[in-house]
Amino acid sequence: MTSSPTPGLARFNTLDDSAAAAELHEVCASSAWGAKMLARRPFSSVESLFAANESAMAELTAEDLGEAMGGHAPIGRPKPGDPTSAREQRGMAGASAELKNELLELNLAYQEKFGHVFLICATGATGEFMRDAVKVRIDHSPEQEREIARGELVKINRIRLTRLAAPAQGA
């Protein structure tokens, strides 16, 4: 059984395309993903919103994925003044200088090999977990890594879409 739209989702469904596209861009930097999501509106439930995210992400080309990944700050270096980036990377807040430096070096090596930032759903993850993940993933082929990054984007988008569909603060 599917639930009905939340107040936040109902609000999102009634936005004009321009305003809805701007909100979707805050979720994912891929313009192709945003267009696919807009085309699927209105969403009858949060579950249908999540299903649309998974479907739209599966349809992205390598170039579209690159655009999506370009909207993410490297792990350990959240975008200054971006509360979403800071919230998602909270697990690095208490990391030692040694761990932060190690992660910086690993991020640079990863980016040199793959041409994009190391992407992981950092929400709830510790600095050590993320470091260990990049150590494993740096040995992947570009094709393997692209599909892993696609899966991580699905998770990140889902968290961000949950916030988009939530009732407005103070409502």
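Right, let's walk through the structure included here. Computed from a prediction, not measured in an experiment: that's the story for all the values here.

**Section: the pattern of salt bridges**
Side chains carrying opposite charge are able to pair once their charged atoms draw close together.
Part 1: Taken as a whole, this structure holds 11 salt bridges when the rule is applied.
Part 2: When the shortest N-O distance is used, the salt bridge between Lys155 and Glu152 registers 3.0 Å. Taken as a pair, Lys155 and Glu152 lie in helix α9 (residues 142–165) at a separation of three residues, close to a single helical turn.
Part 3: Among the residues examined, Glu152 registers a relative accessible area of 10% and is labelled buried.
Part 4: Within this structure, Glu102, Arg131, Asp132 and Lys135 form a network of salt bridges that share partners.

**Things to note about helix α5 (residues 62–69)**
Part 1: Every buried residue of α5 is accounted for by Asp64, Leu65, Ala68 and Met69. Looking down the long axis of α5, one finds its buried residues gathered within 140° of arc, a one-sided arrangement.
Part 2: For α5, the secondary structure elements touched by its buried residues are α3 (31–39), α4 (46–58) and α9.

**Some details on the nonpolar core**
Part 1: In terms of nonpolar packing, the biggest core is built from 29 residues, with Trp33, Met37, Met57 and Leu161 touching the most fellow members.
Part 2: Of all the elements in the fold, those that place two or more residues in this core are α1 (7–14), α2 (17–27), α3, α4, α5 and α9.
Part 3: In terms of residue count, α9 provides more of this core than any other element does, seven residues in total.
Part 4: Discounting residues that sit within four places of it in the chain, Met37 has contacts with Leu24, Phe43, Leu49, Ala52, Asn53, Ala56 and Leu161.
Part 5: Membership of the second largest hydrophobic core comes to 16 residues, among which are Leu99, Phe114, Ala122 and Met130.

**Here we look at the packing of α2 against α9**
Part 1: Relative to each other, α2 and α9 sit at 140°, their axes nearing to 9 Å. As judged from the angle between their axes, α2 and α9 are oblique. Of the two possible hands of crossing, α2 and α9 adopt the one that is right-handed. Here α2 contributes Glu23, Leu24, Glu26 and Val27 to the contact with α9, which in turn contributes Asn157, Arg160, Leu161 and Leu164.
Part 2: Looking at the contact of α2 with α9, its residues break down into four nonpolar, one polar and three charged.

**A word on the packing of helix α7 (residues 97–114) against helix α8 (residues 127–137)**
Part 1: In the contact formed by α7 and α8, the axes pass within 10 Å of each other and the chain directions differ by 30°. Between α7 and α8, the angle falls in the class roughly parallel. In the packing of α7 onto α8, the handedness of the crossing is left-handed. Of the residues in α8, those touching α7 at Leu99, Glu102, Leu103, Leu106, Tyr110 and Phe114 are Gly127, Glu128, Met130, Arg131, Val134, Lys135 and Arg137.

**Structural notes on the side chain of Arg41**
Part 1: Within the secondary structure, Arg41 is located in the loop between α3 and α4.
Part 2: Excluding residues that lie within four positions of it along the chain, Arg41 makes contacts with Phe12, Asn13, Thr14, Leu15, Asp16, Asp17 and Ala20.

**Some remarks on the environment of Ala165**
Part 1: Turning to its location among the elements, Ala165 is positioned in helix α9.
Part 2: Setting aside its immediate chain neighbours within four residues, Ala165 contacts Thr6, Gly8, Leu9, Val46 and Leu49.

**Describing unusual backbone geometry**
Part 1: In this chain, Arg41 is followed by Pro42 through a cis amide linkage whose omega measures -5°.
Part 2: Position of Pro42 relative to the elements: it lies in the loop between α3 and α4.

**Considerations on α4**
Part 1: Taking 1.5 Å of rise per residue, the 13 residues of α4 would be expected to cover 18 Å, and the 18 Å separating its terminal C-alpha atoms lies within 8% of that figure.
Part 2: Restricting attention to buried positions, one finds in α4 the residues Val46, Leu49, Phe50, Ala52, Asn53, Ala56 and Met57. For α4, the angular spread of the buried residues around the axis is 160°, confining them to a single face.
Part 3: Tucked into the core, α4 has its buried residues touching α1, α3, α5 and α9.

Criteria and thresholds
Note that residues are indexed from 1 along each chain, following the sequence as it is written. For this predicted model, a pLDDT threshold of at least 70 governs which residues receive local features, and a threshold of 80 or more governs which side-chain atom pairs are given and counted, while totals over whole chains, interfaces and linings are taken from all residues. The side-chain values count all of the structure's non-hydrogen atoms but skip hydrogen atoms and water molecules. Salt bridges are defined by distance alone: a side-chain nitrogen of Lys or Arg within 4 Å of a carboxyl oxygen of Asp or Glu. Numbering of helices and strands starts at the N terminus; helices are DSSP runs of H or I of at least 4 residues and strands are runs of E of at least 2. Each residue gets one of three labels from its accessible area relative to the maximum for its type: buried under 20%, exposed over 50%, partly exposed in between, using a 1.4 Å probe on protein chains only. The arc in question is the one spanned by the directions pointing from the helix axis to the C-beta atoms. Any pair of residues with heavy atoms lying within 4.5 Å of one another is described as a contacting pair. Among buried residues, the Ala, Val, Leu, Ile, Met, Phe, Trp, Tyr and Cys ones that are joined through side-chain atoms within 4.5 Å form a nonpolar core. Fitted lines through C-alpha atoms serve as axes, helices being fitted only where they are in contact, and the angles separating the N-to-C directions of these axes extend from 0 to 180 degrees. Every angle not falling under 35 degrees, over 145, or within 65 to 115 is termed oblique; those three ranges are roughly parallel, roughly antiparallel and roughly perpendicular. A crossing counts as left-handed when the near helix is turned anticlockwise from the far one by less than a right angle, and as right-handed when that turn is clockwise. By the convention adopted, Pro, Cys, Tyr, Trp, Phe, Met, Ile, Leu, Val and Ala count as nonpolar, Lys, Arg, Asp and Glu as charged, and the other residues, Gly among them, as polar. Expected span, for any helix, means 1.5 Å times one less than how many residues it has.

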